[in-house]
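Structure assessment
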Amino acid sequence: MDNKPIIFFQTDSSLNDQEFFGLIFQNLRNYAIILLDPDGYIVSWNPGAELIKGYKKEEVLHNHFSILYTEKDIKDNKPNNNLRQAIVNGMHEVETLWSRKDGTKFYANVSLNSLINPKGELRGFSMIVKDITKLWETNDKSNYSNDFLKSIRKQSTSEIIKINKVLQEEVNRREGVEN
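All values derive from a computational prediction rather than experimental measurement.

1. Side note on the nonpolar core
- Ile34, Phe65, Leu68, Trp98 and Met127 are the most contacted members of the largest nonpolar core, which has 22 residues in total.
- Ranked by residue count, the leading element in this core is strand β4 (residues 105-116), at four residues.
- Not counting residues within four places of it along the chain, the set of residues in contact with phenylalanine 65 comprises Leu36, Gly40, Ile42, Pro79, Leu83, Leu112 and Met127.

2. Side note on the side chain of aspartate 73
- Within the secondary structure layout, aspartate 73 lies in helix α4 (residues 71-75).
- Using a relative accessible area of 5% as the deciding quantity, one classes aspartate 73 as buried.
- Those residues in contact with aspartate 73 that sit more than four places away from it in its chain are Lys78, Pro79, Thr96, Leu97 and Trp98.

3. A short note on the pairing of strand β1 (residues 32-36)
- Among the five residues of β1, four are classified as buried, and the element is accordingly described as predominantly covered.
- Pairing of β1 with strand β5 (residues 122-131) involves five bridges; the strand directions are antiparallel. Opposite isoleucine 34, over in β5, you have methionine 127 as the bridge partner.
- The sheet contact formed by β1 and strand β2 (residues 42-45) spans three bridges and is antiparallel. Note on β2: the bridge partner recorded for leucine 36 is isoleucine 42.
- Where β1 hands over to β2, the hairpin turn is made up of five residues, of which glycine 40 adopts a positive phi near 95°.

Rules used throughout
Residues numbered from 1 in each chain as written. Predicted model: local features only at pLDDT ≥ 70, side-chain atom pairs only at ≥ 80, totals over all residues. Heavy atoms only, no water. Core = buried A, V, L, I, M, F, W, Y, C linked by side-chain atoms within 4.5 Å. Buried < 20%, exposed > 50% of the residue type's maximum accessible area, 1.4 Å probe, protein only. Helix = DSSP H or I, 4+ residues; strand = E, 2+ residues; numbered from the N terminus. Contact = heavy atoms within 4.5 Å. Pairing = 2+ DSSP bridges.

Printed below as a string of structure tokens:
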């Protein structure tokens, strides 16, 4: 029997940090990873972003990231407010309704992080987006079920009160007849 330890994960020592993180960036498909310059313009767009939002990299690069928001959010100045929050707090995270290029809506967890270099200078932002529609739908169904059960309980309680009242009246009537 071989007593050598089992190695589950080993980094390729020939990869430098930039190559290693580049591979993560390119191969992470269930998260949109979007890099913004300090003014909020898109400078990098991973394949996960293309899958989630539906835009090809060429369609979004060098555009202000507000193009990713709904018209209502833009009207409410959410993109700029979110950037300000990320600058002030180091990050801003929100669950919100977003839309894809084709107009379909989806629920997203959006994390906007300020990227500060060792000198304390703002170098840009990372935006990480996860489609959480299935989670929201599950919660909505659960809430619907809870609301439905509450309404049944309320209706049942109301019916029990009515029946109890009728029974009490019948008991009172019978006691009156006996006396």
